[in-house]
Amino acid sequence: MLTTQDLDVFPVPGYCPEEALLGQAEVPQRYFIQDAADIIISGQSQASWEFLVHHALVISSFLYTIYTHRYVAGSVLALFVEMNSIFLHSRLLLKLANAQTSDLYRVNKYVNLATYVLFRLGAQFYITWYILYNFNTLVHPSFFLVALMLMNLMILVYFYRLLRTDFLRPPKSRIVLNGTNNNLKFVDD
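Procedures and definitions
What you see as residue numbers is a count from 1 along each chain, following the sequence as written. Only residues with pLDDT of at least 70 get local features here, since the model is predicted, and only at 80 or more are side-chain atom pairs given and counted; chain-wide, interface and lining totals rely on the full set of residues. With hydrogens and water set aside, each side-chain value is computed from the structure's full complement of heavy atoms. Secondary structure elements are defined from DSSP: runs of H or I of at least 4 residues count as helices, runs of E of at least 2 residues count as strands, and each element is numbered from the N terminus. When accessible area is computed with a 1.4 Å probe and restricted to protein chains, residues below 20% of their type maximum are described as buried, those above 50% as exposed, and intermediate ones as partly exposed. To measure how exposed things are, a 1.4 Å probe is used in the Shrake-Rupley method; for residues, cover is taken only from the protein chains shown. The salt bridge criterion pairs a side-chain nitrogen of Lys or Arg with a carboxyl oxygen of Asp or Glu, the two atoms within 4 Å. Put simply, a nonpolar core is a bunch of buried Ala, Val, Leu, Ile, Met, Phe, Trp, Tyr and Cys residues held in one set by side-chain atoms that sit within 4.5 Å of each other. The contact criterion used throughout is that any non-hydrogen atoms of two residues lie within 4.5 Å. Any two rings among Phe, Tyr and Trp, with Trp reduced to its six-membered ring, count as a pair given centres within 6.5 Å; such a pair is stacked if its planes are under 30 degrees apart, edge-to-face if over 60, and tilted if neither. By the criterion adopted, a ring carries a charge over it if an Arg CZ or a Lys NZ lies within 6 Å of its centre and within 35 degrees of its normal. UniProt positions are given in the numbering used here, feature names are shortened, and annotations may be inferred rather than shown by experiment.

Examining the overall build of the protein
What the protein contains, in helices and strands, is 6 helices and 2 strands. For the protein, the succession of helices and strands along the chain, N to C, is α-α-α-α-α-α-β-β. Scored against the burial criterion, the 189 residues of the protein give a buried share of 35%. Within the structure as shown, the protein displays about 11900 Å² of accessible surface, and the carbon and sulfur contribution to it stands at 67%.

Now the structure itself:
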């Protein structure tokens, strides 16, 4: 945690780096709350239960950081996983556009894989290692370790799904029946 002595490094009057980092944890908190509410209100809770579990773990971890001002740097580091979200969402949009055979989809799937490994798996496993390595010196490490282990399990399952869909089987062609697209599930295919 930064101290007032560290402020001498920053020449901007009134600038507090800890508060700036803490603000980085507050913005995504609002997204996760809004997204969880949207899933519940839209009636998608049963189909998207794993996202609700993930959001609950993230929300509780960020709330702890926001209200205690502990683990701020770890929370900001955890936001690196969102760098991969750009390519995951691009993948979904390309699937919705029925563009799985396009060059853009092929490029995106490799960039998606690279950012998944670097930003999702890398950040998660580094934070997990840090908590395990410093377990005896941290405040409430069990709370974060349990949350991280559950999230690690989830991202490994998602990683397997991504590998299976984009790299281990040929792309599916969509079936159109009576002018309607009957392929509604994109998480698993």
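Don't stop here, the text continues.
Examining the pattern of salt bridges
For the structure shown, the criterion picks out 3 salt bridges. Residues Glu-50 and Arg-161 are paired through a salt bridge, measuring 3.9 Å at the closest nitrogen-oxygen approach. In this pair, Glu-50 sits in helix H2 (residues 49-68) while Arg-161 sits in helix H6 (residues 141-166), placing the two residues 111 residues apart along the sequence. With relative accessibility at 10%, the residue Glu-50 sits in the buried group. In this structure, Asp-166 and Arg-91 form a salt bridge, with 2.9 Å as the shortest nitrogen-oxygen distance. Of this pair, Asp-166 sits in helix H6 while Arg-91 sits in helix H4 (residues 81-96), placing them 75 residues apart in sequence. As far as the burial class goes, Asp-166 and Arg-91 line up, both buried.

A few points about the nonpolar core
By size, the foremost hydrophobic cluster in this structure holds 8 residues: Phe-32, Leu-57, Val-58, Ile-59, Phe-62, Leu-79, Ala-147 and Met-151. Counting residues per element, the ones that place at least two in this core are H2 and H6. Top contributing element to this core by residue count: H2, with 4 residues. Not counting chain neighbours up to four residues away, the residues in contact with Phe-32 comprise His-54, His-55, Val-58, Ile-59, Phe-62 and Glu-82.

Describing the packing of aromatic side chains
Under the definition given, this model contains 14 aromatic pairs. With a centroid separation of 6.0 Å and an interplanar angle of 20°, the aromatic rings of Phe-51 and Tyr-158 are classed as stacked. Highlighted residues: Phe-51 in helix H2 and Tyr-158 in helix H6, separated in sequence by 107 residues. Of the residues examined, Phe-51 reaches a relative accessible area of 30% and is grouped as partly exposed. Here Tyr-158 falls in the buried class, since its relative accessible area comes to 18%. Joined through ring pairs, the aromatic side chains of Tyr-64, Tyr-71, Phe-143 and Phe-144 make up one cluster. Here the guanidinium or amino end of Lys-109 rests over the ring plane of Phe-167, the centre of that ring lying 5.1 Å away.

A word on the UniProt feature "transmembrane region" (unreviewed entry) in the protein
Under the feature "transmembrane region" (unreviewed entry), the UniProt entry names residues 71-89, 110-132 and 138-160. In residues 71-89, the share of helix is 84% and the share of strand is 0%. The end C-alpha atoms are 28 Å apart. In residues 138-160, helix accounts for 87% and strand for 0%; the two terminal C-alpha atoms are 32 Å from one another.

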